[in-house]
Amino acid sequence: MKPLTEQEIRAAFVNCTKGEAERLSVPRDLAVRPWDDLDFFGWRDPQAPDRAYLAAELDGRPVALALRCPSAVSWQMRRSMCSMCVTTHTGGVSLMVAAKAGRAGQQGNSVGAYICSDLACSLYVRGKKGAGAGARLHESLTLEEKIQRTVVNLARFIAKVTA
């Protein structure tokens, strides 16, 4: 993924108002992020634990989503699988919900997906971050095929939000 600036990220949000995009928390350390290893850039808001954000490049342009995720509860301590990168975690996957873009979102419609709670899917797929024993299922896919699957899963999720 090509590195994004704070302004590019803020301008890329498709499911919140421009004012909301200007007020949300964007990490200050964008320059030191491992952009070459990212299929999308995701982060949690440290001031609002129920908010998360992700930015991806689709068709050569950045697209960003505002997400809501529930606070941790006891049932989340069971093993769950991320629908983006197919990594399993004990307590490390959250249902993240995005308001749909446009009028549908204004009417309260949303789309959800189970995603790694720390939004580090790209790093799990590449083996740059571990999720514990048994987190990655044995597969015959190559690394490139696993990366492509993650990108396709993310694109499908974004397409549901923007449809």
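Residues numbered from 1 in each chain as written. Predicted model: local features only at pLDDT ≥ 70, side-chain atom pairs only at ≥ 80, totals over all residues. Heavy atoms only, no water.

Caption draft 1: Examining the packing of aromatic side chains more closely. This structure, assessed with the given rule, holds four aromatic pairs. Measuring from centroid to centroid gives 5.1 Å for Trp 35 and Phe 41, while their planes differ by 50°, and the two rings are tilted. Ring geometry for Trp 43 versus Tyr 53: centroids 5.4 Å apart, planes at 35°, classification tilted. In this pair, Trp 43 sits in strand β1 (residues 40-45) while Tyr 53 sits in strand β2 (residues 48-58), placing the two residues 10 residues apart along the sequence. A relative accessible area of 4% places Trp 43 in the buried class. Take Tyr 53: its relative accessible area is 3%, and that puts it in the buried class. Ring-pair connections join several aromatic residues into one group, and the members of that group are Phe 13, Trp 35, Phe 41, Trp 43 and Tyr 53. (Phe/Tyr/Trp six-rings, centres within 6.5 Å; stacked < 30°, edge-to-face > 60°. Helix = DSSP H or I, 4+ residues; strand = E, 2+ residues; numbered from the N terminus. Buried < 20%, exposed > 50% of the residue type's maximum accessible area, 1.4 Å probe, protein only.)

Caption draft 2: Region of interest: the pattern of salt bridges. As enumerated under the stated definition, the model contains nine salt bridges in all. Put simply, Glu 6 and Arg 28 hold a salt bridge, and the shortest N to O gap is 3.7 Å. Residue Glu 6 is found in helix α1 (residues 6-11), and its partner Arg 28 is found in the loop between α2 (18-23) and β1; the two are separated by 22 residues along the sequence. Judged by relative accessible area, Glu 6 falls into the partly exposed class, the value being 29%. With a closest N to O distance of 2.7 Å, Lys 129 and Asp 118 form a salt bridge. Highlighted residues: Lys 129 in the loop between α4 (121-125) and α5 (143-162) and Asp 118 in the loop between β7 (110-116) and α4, separated in sequence by 11 residues. A relative accessible area of 30% means that Asp 118 is categorised as partly exposed. One salt-bridge network, held together by shared partners, links Glu 6, Arg 10 and Arg 28. (Salt bridge = Lys/Arg side-chain N within 4 Å of Asp/Glu carboxyl O.)

Coordinates in, geometry out; function isn't part of it.
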